[in-house]
Amino acid sequence: QHRSNFNPVVFLSGGWDSRAILAGIRKVAPKRNVEAYTTTYDGGNNKEQVFAAQVTNCLSVPHSIIELSDNYYQSLSEEALTESAFSTNMHIWMHDFLTKIPLSRNHVNFDGYAGDLIFRGMKQGIDDDQLSPDSDEFFRRFRVQIPSTVLSKPVYNTLEKLARKALADELAKYPTETRALNFLINNRGARAVGYSIAAQRKHIEVELPFMDNRLLQLTTEIDPAIRLSPSFYPDVLKKINAEVAVLPSTNSPEPEQIGWTEKPIIKHSKANLKFMLDEISGLAKDFGNAGGIVDWFTLDPAKTVNSKREQPFLRRHNQTLESVYLYTKWFRHHHNLLAPCNVLSDSFCGV
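Quick caveat, the model's predicted, so the values are computed rather than measured.

Here we look at helix H4 (residues 92–100)
Burial of H4 is extensive: seven of the nine residues sit out of reach of the surface. Along H4, the positions that sit buried rather than exposed are Ile-92, Trp-93, Met-94, His-95, Asp-96, Phe-97 and Leu-98.

Considerations on the side chain of Ser-77
On the secondary structure map, Ser-77 appears in helix H3 (residues 72–83). Ser-77 has contacts with Tyr-72, Ile-92, Phe-275 and Tyr-325, leaving out every residue within four places of it along the chain.

Things to note about the pattern of salt bridges
For the coordinates displayed, the defined rule picks out twelve salt bridges. Across the salt bridge formed by Glu-83 and Lys-202, the nearest N and O atoms sit 2.7 Å from each other. Highlighted residues: Glu-83 in helix H3 and Lys-202 in the loop between helix H9 (188–200) and strand S5 (205–207), separated in sequence by 119 residues. Assessed through its relative accessible area of 37%, Glu-83 is described here as partly exposed. For Lys-274, the salt bridge identified is with Asp-278, shortest N-O distance 2.8 Å. Within this pair, Lys-274 and its partner Asp-278 are both found in helix H14 (residues 270–287), separated by four residues, close to a single helical turn.

Things to note about the packing of aromatic side chains
Under the definition given, this model contains nine aromatic pairs. Summarising the aromatic geometry, the rings of Trp-16 and Tyr-233 are spaced 5.4 Å apart at their centres and angled 70 degrees between planes, so their arrangement reads as edge-to-face. Separated by 217 residues along the polypeptide, Trp-16 in helix H1 (residues 16–28) and Tyr-233 in helix H12 (residues 232–240) bring together distant segments of the chain. Summarising the burial analysis for this pair, Trp-16 and Tyr-233 share the class buried.

Observations concerning the packing of H1 against H12
At a minimum axis separation of 9 Å, H1 and H12 run at an interaxial angle of 25 degrees. Judged on the interaxial angle alone, H12 and H1 are roughly parallel. Between H1 and H12 lies a crossing whose hand is left-handed. Two secondary-structure elements touch here, H1 through Trp-16, Asp-17, Ala-20, Ala-23, Gly-24 and Lys-27 and H12 through Tyr-233, Pro-234, Leu-237, Lys-239 and Ile-240. Per-class residue counts for the contact of H1 with H12 are seven nonpolar, one polar and three charged.

Focus: unusual backbone geometry
Of note, Ser-60 is a non-glycine position whose phi angle comes to about 55 degrees, a positive value. When its relative accessible area of 56% is taken as the criterion, Ser-60 is described as exposed. Not every positive phi belongs to a glycine, and Ala-85 is a case in point at roughly 55 degrees. Residue placement: Ala-85 occurs in the loop between H3 and H4.

Observations concerning the pairing of strand S2 (residues 35–38)
Here strand S1 (residues 7–11) runs beside S2; their pairing, made up of three bridges, is parallel. Counted as the bridge partner of Val-10 is Ala-36 from S2. For the crossover from S1 across H1 to S2, the handedness is right-handed. Crossover S2 to strand S3 (residues 63–65) through helix H2 (residues 47–59) is right-handed.

Considerations on the pairing of strand S4 (residues 107–110)
Alternating positions in S4 separate into two faces, His-107 and Asn-109 on one and Val-108 and Phe-110 on the other, with burial throughout. The pairing of S1 with S4 spans three bridges and is classified as parallel. Bridging across to S4, Pro-8 finds its partner in Val-108. For S4 and S5, the ladder comprises three bridges, and the chain directions are parallel. Residue pairing in the sheet places Val-108 in a bridge with Glu-205 of S5.

Some remarks on the sheet that holds S2
Here we have five strands laid out as an open sheet, ordered S3-S2-S1-S4-S5, and parallel in their pairing. Two strands lie at the open edges of the sheet, namely S3 and S5, each paired on one side alone. Neighbour-to-neighbour, the strand axes of this sheet turn through a mean angle of 30 degrees, independent of strand direction. Running at roughly 155 degrees to S1, H1 makes contact with S1, S2 and S4 of the sheet.

Describing the confidence of the model for the protein
Confidence in the prediction for the protein averages 79 pLDDT; 70% of positions are at 70 or higher. Low pLDDT, under 50, characterises residues 343–351; the stretch is placed with 16 contacts to residues that sit more than four places away or in other chains.

Things to note about the environment of Leu-321
As for its placement among the helices and strands, Leu-321 is situated in helix H16 (residues 313–334). Note on Leu-321: relative accessible area 0%, which makes it buried. Along the primary structure Leu-321 and Leu-277 are separated by 44 residues, whereas in three dimensions their C-alpha atoms are 8.1 Å apart.

Definitions and limits used
Residues numbered from 1 in each chain as written. Predicted model: local features only at pLDDT ≥ 70, side-chain atom pairs only at ≥ 80, totals over all residues. Heavy atoms only, no water. Buried < 20%, exposed > 50% of the residue type's maximum accessible area, 1.4 Å probe, protein only. Helix = DSSP H or I, 4+ residues; strand = E, 2+ residues; numbered from the N terminus. Contact = heavy atoms within 4.5 Å. Salt bridge = Lys/Arg side-chain N within 4 Å of Asp/Glu carboxyl O. Phe/Tyr/Trp six-rings, centres within 6.5 Å; stacked < 30°, edge-to-face > 60°. Axes fitted to C-alpha atoms, helices over the stretch in contact; angles between N-to-C directions. Parallel < 35°, antiparallel > 145°, perpendicular 65-115°, else oblique. Left-handed = near helix turned anticlockwise from the far one by under 90°. Nonpolar A, V, L, I, M, F, W, Y, C, P; charged D, E, K, R; others polar. Pairing = 2+ DSSP bridges. Right-handed = clockwise from strand over helix to strand, strands pointing away. pLDDT = per-residue confidence, 0-100.

The structure is reproduced here in structure tokens:
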């Protein structure tokens, strides 16, 4: 309501959070013109587009589907990884998407960031508020990927311990009753989404309705046994719009996800895989073992991409290659800050 002089838009995914925002705008401001924009996220299917289209059809909202460029990963990954301080490779597609949407500073994107955190808890457990902020259980559950496939074991173990200590120190600033919620908002996945919001703000204005202080306070007062139950968020959606609440969603169980099809992953095309492999082998050529990057990816590049692998193993294989590529870019930017050490030794060399 306090954004009455701006044109609202929603970057609509196939999940619950953005549709809750869109349905909410329709409910509290039915006469406002609102538009929705969707892309694929290059996830290997068209779920986001199909499910988002069903929502906009239900709400009678203008909807534009933006296809990603075939060369987006090659042309934009360097910029995206640098701007995100190499913290994530999840939102490289965002740069291509933002350059293709016809929006200006007069538009405000109402982003669904943190809706899944406060209303679904992601992988939060009912008794998480009883855990210490540096509990191993937190870190085991929230690990997004296993960096030890790229880094040597001593280096990885030391980095993990440093990360735990830093996060524990940060969480110690918050009262016990909100510590679990703050952990959720500070985890690596949330930081990745935070980067995408920063990228958006270079093009348009962004509002984060789920981060409203009153809403956050309200959710912390709800019994976790209620708030984290599987039916809670769907019941909230039904209060906003009962028709939208029952539409298929990427958050729904698989049997309810109907109407979508598989599609090629652009960043895993032959051209993009060759691009990543060339970058990795170039680093190995310039820096030798490159801080531990000499593994089966660089020892025998001819065997790194085996198209005969079956899914989902081929996809996971290529995703690991993305992680090595990210590490390649990070190493080129920061190698001069690293202290020389023997990565094959059993001890970690301090920086």
